[in-house]
Amino acid sequence: MSLNVRYRLRFLAIGGVLALALIPPTTGPAQAQERKVPTQAEVRLSYAPVVKRVAPAVVNVYAAKVVRNRNPLFNDPIFRRFFGVPGGVGPQVQRSLGSGVIVDRSGLVVTNVHVIDGADDIKVALIDKREFAADVVLKDKRTDLAVLRIKDAQEHFPYLEFANSDALEVGDVVLAIGNPFGVGQTVTHGIVSALARTKIGITDYQFFIQTDAPINPGNSGGALVDLSGRLVGINTAIFSRSGGSQGVGFAIPSNMVRVVVASAEHGGKAVKRPWLGAKLQTVTPDIADSLSLKRPAGALIASVVPGGPAAQAGLKPGDLIVSVDGQPVDDPNAFDYRFATKPVGGSARLSVLRMGRDMNVTVTLSTAPDTPRDEITIRSRSPFAGATVANLSPALADELQLDDANHGVVILDVQDGSPAGSVGLRRGDIIVSVNGREIDKTRDLDRATRIPSSAWRIQIRRNGQQITAVFSG
């Protein structure tokens, strides 16, 4: 390599400020710098080869749903009588825009749940401007990931392979590809600025890749790729006070995406994840002092479900989990991610600290027991009208992140403007009794609310606390 080429490489690496120091001193009069077209022998740095490989597998996702806007005055029969209003305005279409990634040649597309949630019509558009209708195969609100399938696909689509997101390091260069602001497919670049972000409050599984690659509204569901063109994450959220990118974006790691896609490929309507059967607690500085730890890290077992995998493995309250299959665990969120990305049917080795002693235990990776949920929506005149309820099971309790609740009736949803919403009932409330009648199954609640009453005395359990309230009939 010539001396001249080495100087150009250094200029590209450290910028023009230091380039002057690299130019050999001249002994004669100053001469005008010769300008010429760079030759092929000179180094050319570009992300273009990666983008050309990746871009065809990143799609735009268009979701539309029909809503009927209704003025509250239309509910008044006197208003309708005198003004002859037919009952409401016509339906309107709400549209949302996001991005997605093809992860299988048959046309499986990964995006965010919040991009397509509630949509009646979903379309994906490829970089070549072709559009296809798509069906929802699986929605996993716990991770904010949804899997779509392109309808009537008669071809093999370009797709991205998964990278091992656990191999990422802070400082790795990444590219973000999506459809920000609906302007069309856009590529931005940056670095991984942090890993294992757990206090974001976006999904149940708090373990995000943080990047400074500019990400804006519309990028949700788009690809975060490494320089090998492999998928390392799905862009999901930004931290912003203005609504635009401020250099802090968050992506769901590809190892979690892989689990959701695998469930969809096997025809599942829900993601099957291993269940520990134990409640975990964050290690505070005070707890760390009491355990003689050098730093507050790990996931402390607060309670164990009898007969669950943790109990069968011999784990006890007070045990501190410090790693899963050799991967360190800094807090319960990190454990949840490490454990949830393990395949059901195998086993995991947990490193545990018990009373100052290191020990290893093997936990079976099995799903939480489930029973028929028997979901119903209460329609009868009562404080529960408008609430959708289900029979509790360990699987549902794990899904709702409820503590020590493996049976009973739980509220899954509360309709806006319903009596249940107006009295303050919320998702996750466990119904204990109604007017002195114990509620063990959804049919018990249905029967209890069908009996007219001038006053309703209800008991619920919320966040481990018992609440009693009385409402007029």
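The structure under discussion appears in the preceding block.
Residues numbered from 1 in each chain as written. Predicted model: local features only at pLDDT ≥ 70, side-chain atom pairs only at ≥ 80, totals over all residues. Heavy atoms only, no water.

## Quick word on the pattern of salt bridges
No. 1: Enumeration according to the criterion identifies 18 salt bridges in this entry.
No. 2: One salt bridge in this structure joins Arg295 and Asp330, with 3.2 Å as the shortest N-O distance. With Arg295 in the loop between helix 6 (285-290) and strand 14 (299-304) and Asp330 in the loop between strand 16 (327-328) and helix 8 (332-340), this pair connects stretches of sequence that are 35 residues apart.
No. 3: Through salt bridges with shared partners, a single network forms among Asp117, Lys139 and Lys141. (Salt bridge = Lys/Arg side-chain N within 4 Å of Asp/Glu carboxyl O. Helix = DSSP H or I, 4+ residues; strand = E, 2+ residues; numbered from the N terminus.)

## Considering the sheet that holds strand 10 (residues 223-225)
Note on sheets: strands pair through backbone hydrogen bonds, and any given pair is parallel or antiparallel.
No. 1: Within the closed barrel, the six strands sit side by side as 7-8-9-12-11-10. Their pairing is antiparallel. Strand-to-strand twist across the sheet, computed as the mean angle between neighbouring axes with direction ignored, equals 45°.
No. 2: Here strand 8 (residues 186-197) pairs with strand 9 (residues 208-211) via three bridges, running antiparallel. If you follow Arg197 over to strand 9, its bridge partner there is Phe208. (Pairing = 2+ DSSP bridges. Axes fitted to C-alpha atoms, helices over the stretch in contact; angles between N-to-C directions.)

## A look at the side chain of Asp226
No. 1: Mapped onto the elements, Asp226 comes out in the loop between strand 10 and strand 11 (231-238).
No. 2: Excluding anything up to four places from it in sequence, Asp226 contacts Val50, Ala163, Val173 and Val232. (Contact = heavy atoms within 4.5 Å.)

## What to know about the packing of aromatic side chains
Geometrically, a pair of aromatic rings is defined through the distance of the ring centres and the angle of the planes.
No. 1: Counting across every chain of the model gives four aromatic pairs.
No. 2: Between Phe132 and Phe157, the ring centres sit 5.5 Å apart and the planes meet at 90°, which makes this aromatic pair edge-to-face. On the criterion of sequence distance, the pair formed by Phe132 in strand 5 (residues 131-140) and Phe157 in the loop between strand 6 (145-150) and strand 7 (173-178) is long-range, its members being 25 residues apart. Of the two residues, Phe132 and Phe157, both sit in the buried class.
No. 3: Taking 6.4 Å as the distance between ring centres and 70° as the angle between the ring planes, the aromatic pair formed by Phe208 and Phe250 counts as edge-to-face. (Phe/Tyr/Trp six-rings, centres within 6.5 Å; stacked < 30°, edge-to-face > 60°. Buried < 20%, exposed > 50% of the residue type's maximum accessible area, 1.4 Å probe, protein only.)

## Topic: unusual backbone geometry
No. 1: Notably, Lys129 is not glycine yet its phi reads approximately 75°, a positive angle.
No. 2: The class of Lys129 is exposed, set by a relative accessible area of 75%.
No. 3: The phi dihedral of Asp144 falls on the positive side, at around 60°, and the residue is not glycine.
No. 4: As for its position among the elements, Asp144 is in the loop between strand 5 and strand 6.
No. 5: Residue classification places Asp144 among the buried residues on the basis of a relative accessible area of 9%.

## Some words on the pairing of strand 20 (residues 387-391)
No. 1: Of all the five residues making up strand 20, five are buried; the element is thus mostly covered by neighbouring parts of the structure.
No. 2: Covered by surrounding structure in strand 20 are Ala387, Val389 and Asn391 together with Thr388 and Ala390, the residues of both alternating faces.
No. 3: In terms of strand pairing, strand 19 (residues 376-377) meets strand 20 through two bridges, oriented antiparallel. The residue of strand 20 that forms the bridge with Ile376 is Val389.
No. 4: Pairing geometry for strand 20 and strand 21 (residues 409-414), over five bridges, is antiparallel.

## Details of the pairing of strand 14
No. 1: Bridge analysis of strand 13 (residues 278-282) against strand 14 gives five bridges, and the strand direction is antiparallel. Pairing of Leu280 across the sheet is with Ile301, part of strand 14.
No. 2: As judged from the two bridges shared by strand 14 and strand 15 (residues 320-324), these two strands associate in the antiparallel manner. Within strand 15, the position partnered with Leu300 by the bridge is Leu320.

## Some points on the nonpolar core
No. 1: Core analysis: the largest hydrophobic core is formed by 53 residues, its most contacted members being Leu276, Leu315, Ile321, Phe335 and Leu350.
No. 2: A total of six residues in this core trace back to one element, the largest contributor, which is helix 5 (residues 254-265).
No. 3: Phe335 has contacts with Leu276, Leu280, Ala299, Ile321, Val324, Val329 and Leu350, leaving out every residue within four places of it along the chain.
No. 4: In terms of nonpolar packing, the next biggest core, distinct from the first, is built from 18 residues, Ile378, Val389, Leu425 and Ile458 among them. (Core = buried A, V, L, I, M, F, W, Y, C linked by side-chain atoms within 4.5 Å.)

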